[in-house]
Amino acid sequence: MTAQPHFAIAIDGPAASGKSTLARKLAKRLGLVMVNSGAMYRAVTWKALQENIDPHDTPAVISLLNRITLNCGDNGHTSTIAIDGFDPGDALRAQDVNANVSAISAIPAVREKLVALQRDYLNRTSIVMEGRDIGSVVFPDTPFKLYIDAAEHVRAARRSDAGEVDSVAKRDAADSNRTTAPLVVADGATVLDTSDHTIESGVDAAIEILRQQGLPI
Ligand code: DC
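The text that follows walks through the structure, step by step, so that each part is easy to find. (Residues numbered from 1 in each chain as written. Predicted model: local features only at pLDDT ≥ 70, side-chain atom pairs only at ≥ 80, totals over all residues. Heavy atoms only, no water.)

Lining the immediate surroundings of the ligand are 16 residues, of which R42, R111, R171, D175 and R178 lie closest. With respect to the ligand, the side chain of R178 contributes an N or O atom lying 2.8 Å from an oxygen atom. Computed on the free molecule, the ligand has an accessible area of 440 Å², of which 99% lies beneath the protein chains in the complex. Where the shell around the ligand is concerned, the elements lending two or more residues are α2 (37–50), α4 (95–105) and α8 (168–177). Of all the elements, α2 adds the most residues to the shell around the ligand, at 4 residues. Broken down by class, the residue content of the shell around the ligand amounts to 3 nonpolar, 5 polar and 8 charged. (Near = heavy atom within 4 Å. Polar contact = N/O pair within 3.5 Å; in protein donor to acceptor, adjacent residues only side chain to side chain. Areas by Shrake-Rupley, 256 points an atom, 1.4 Å probe, with all protein chains shown as cover. Helix = DSSP H or I, 4+ residues; strand = E, 2+ residues; numbered from the N terminus. Nonpolar A, V, L, I, M, F, W, Y, C, P; charged D, E, K, R; others polar.)

This part takes up unusual backbone geometry. Residues apart from glycine generally show negative phi values, whereas peptide bonds are mostly found in trans. Backbone geometry places N52, a non-glycine residue, at a positive phi of 55°. Tracing the backbone shows N52 in the loop between α2 and α3 (58–67). On the accessibility criterion, N52 (70% relative accessible area) is exposed. With a phi angle near 50°, D84 is a residue other than glycine that sits in the positive phi range. Relative to the helices and strands, D84 resides in the loop between β4 (79–83) and α4. (Buried < 20%, exposed > 50% of the residue type's maximum accessible area, 1.4 Å probe, protein only.)

This brings us to the nonpolar core. Core analysis: the largest hydrophobic core is formed by 35 residues, its most contacted members being L70, V110, I127, M129 and F139. Take this core: its biggest share by element is 7 residues, from α2. With residues up to four places along the chain from it excluded, the contact list for I127 reads F7, A8, I9, L32, V33, V35, Y121, L122 and F139. Core analysis: the second largest hydrophobic core is formed by 19 residues, L26, L146, V203 and I209 among them. (Core = buried A, V, L, I, M, F, W, Y, C linked by side-chain atoms within 4.5 Å. Contact = heavy atoms within 4.5 Å.)

In structure tokens:
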């Protein structure tokens, strides 16, 4: 057995904390692939809604999960996703997906399937992966972990500035209180509050933390 040549930087945090932007910029600066794990939970939610499946009907969601094909890849810079060969694109961020994604992502069988796809990225490339349980569950052994936070009013403003209707506080409560893989500050993660940071100063702060965590940059 040879040692895994690839590594993961885990970025977790609540909705609209700035973690996606930070992950994307970090990946670009470090020459890594940025993987958006939330898009995977959104894709399953989108498909369930397309098929008029009640997101709270666990057996129906599991049956859907067993008959769909999820292709998770990358374009050299960011992750890509296709569900039964189709990329839903912006539809993944629609209001009905925002409203139902927490219910779908609380189902353990959904998490089991998506976590395996997330771990599989490391067989191909080094990544910056953002989500809710990346440092705690998906890659608990990586030394490179950040927990990104921002004040609630800052997060709500960021989402509405982006033109999205999203009950951030409600989604965070659901994501933090679920039984399986709730949003937590993972063991070994450093908390970075982006409320008073610009995008670039946030990236600089993250790079400094990663350096302290031993990333040779
Ligand atoms: O990062 P995002 O806001 O696009 O994520 C959408 C939802 O997906 C989030 O509310 C909870 C779920 N999610 C999760 O449970 N675990 C992850 N690693 C990423 C997202």
